[in-house]
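Residues per chain, in single letters:
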Amino acid sequence: MTPVNKRIVLAFGTRPEATKMAPVYAALAAQPGLTPLILSTGQQREMLDGALNVFGLTPDRDLNVMTDRQTLADLTGRIVPQAGRVLREMQADLVLVHGDTSTSFCVALSAFYEGIPVGHVEAGLRSGDLGEPFPEEANRRLTGVLSVLDFAPTAESRANLRREGKPEGGLFVTGQTAVDAVREVAGRVPLRPEWRARVERGQPLVTVTMHRRENQPMMREMAGALARVAGAHPEHHFIYPVHLSPAVQEAVRPVLEGVPNFELTTPLDYSEMAPLMAASVLLATDSGGLQEEGAALGVPVAVLRNVTERPEGLAAGVLKLAGNDPVQLEGVLNGLLDDPATLAAMAQAPNPYGDGHAARRIAQAVAWHFGLAERPEHWGD
Ligand code: UD1
């Protein structure tokens, strides 16, 4: 009898997807009867390659779709036809996509057209607002229409999927794979020596990231507010790895370059980012992933958005919505940095996003789908 060998294609194209899928790749490789393969769209060329290196992953196929100043329609028009052809060539038995990027939705659509079942990792997150985050809220809802297996990080995200009528048999509460990834890397890689020296001299670190498309129209003013917060806290050292998007670079660099305690860097590899976050007293960010990573590391997060699809962290107390209005966010950040007792209480909040075993549950659920394993227990039930 030929041994079972199901080919599971993990498809991704951006830095955060690679980071959050790396633990899933490892867990699938350890599951008898499953062979993981990687299809990269190359949506973010440089930033994706950095993330893959950290985890020692090499794509089996790469669509290399990125162009300078690509639009969302450009990306969609390139990924959908190419991904379908390549998935066929890869003889995929199942495709796993992640989260809410253009890559996730476009590959899911191609797989659907090819008749290949789709599993959605980080399924069920909802802000309830199609404009924020844009276009991610639409991408994740559209992907959820196409997927047959949904790996919800929390019971709350499963509840969103139930409300949308998704059949119970395909729903799994797994925890966030970001928790698996950040703990592994922050535990393995030391902090950059120059930042370590600052901490030892008593200079608290604040990590900043800001790149979201819906924030771009006011990003210059938001950067101005960050400059004033840094001016009011000269004892703190702010570190901002600036996203490579030209829209972000052009808004942020002219405002923050020259602020003495604001260090602007190129995007950091995850091996530098994870220990930096772990050593910070506060993360100020409009990223989705940093909200989960802060919670997993016990580092408070000020969210530079008006809504979050990660409300579990607000309820637990580790996240605070600062909004994207410059005056409001300046007030919230000043308030937090001036109040060490509140920061300390936020840092003590329980982590609502996972226990570090999300990837193992996802791999077991995939094996279950093919009749190769027991159905995994839901996380947290
Ligand atoms: C994408 C995701 C977003 C995710 C973010 C993380 C979508 C719709 N959005 O947003 O959910 O939070 O990635 O980074 O999929 N660029 C480079 N080099 C790079 C990466 C990007 O030059 O390594 C340029 C691109 O050419 C483009 C711009 O930056 O002009 C934006 O990149 P893109 O991947 O289109 O979308 P993001 O806005 O980064």
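Residues numbered from 1 in each chain as written. Predicted model: local features only at pLDDT ≥ 70, side-chain atom pairs only at ≥ 80, totals over all residues. Heavy atoms only, no water.

Visitor: Let's hear about the sheet that holds strand 5 (residues 118-121): which residues, and what values?
Guide: Taken in spatial order, the 7 strands line up as 3-2-1-4-5-6-7 in an open sheet, and their pairing is parallel. Two strands close off the open sheet at either side, each with one partner strand: strand 3 (61-62) and strand 7 (171-173). Relative to strand 2 (residues 34-40), strand 1 (residues 6-12) runs parallel, the two being bridged by 7 bridges. Paired with V9 across the bridge in strand 2 is L37. Strand contacts of helix 4 (residues 102-114): strand 1, strand 4 (94-98) and strand 5, with the helix running at about 160° to strand 4, the strand carrying the most contacts. (Pairing = 2+ DSSP bridges. Helix = DSSP H or I, 4+ residues; strand = E, 2+ residues; numbered from the N terminus. Contact = heavy atoms within 4.5 Å. Axes fitted to C-alpha atoms, helices over the stretch in contact; angles between N-to-C directions.)

Visitor: Before we move on, could you go through the pairing of strand 1 and cite the residues and values that matter?
Guide: Where burial is concerned, most of strand 1 is hidden: 5 out of the 7 residues are buried. For the crossover from strand 1 across helix 1 (residues 15-29) to strand 2, the handedness is right-handed. Taken together, the 3 bridges between strand 1 and strand 4 define a ladder with parallel strand orientation. By the bridge assignment for strand 4, V9 is matched with V95. (Buried < 20%, exposed > 50% of the residue type's maximum accessible area, 1.4 Å probe, protein only. Right-handed = clockwise from strand over helix to strand, strands pointing away.)

Visitor: Pulling in residues and values, what's your account of the pattern of salt bridges?
Guide: As a working rule, side chains carrying opposite charge can pair if their charged atoms are close by. In total, this model carries 28 salt bridges according to the counting rule given. With a closest N to O distance of 3.6 Å, R85 and E89 form a salt bridge. Of this pair, R85 and E89 both sit in helix 3 (residues 72-89), 4 residues apart, roughly one helical turn. Given the relative accessible area of 38%, R85 is considered partly exposed. Where R228 meets E330, a salt bridge forms, and the shortest distance between an N and an O atom there is 2.8 Å. Here the residue R228 occupies a position in helix 9 (residues 219-232), and E330 occupies one in helix 14 (residues 326-337), the gap between them amounting to 102 residues. Among the charged side chains, a network of salt bridges with common partners joins K20, D100, E122, E137, R140, R141, E292, R305, E309 and R310. (Salt bridge = Lys/Arg side-chain N within 4 Å of Asp/Glu carboxyl O.)

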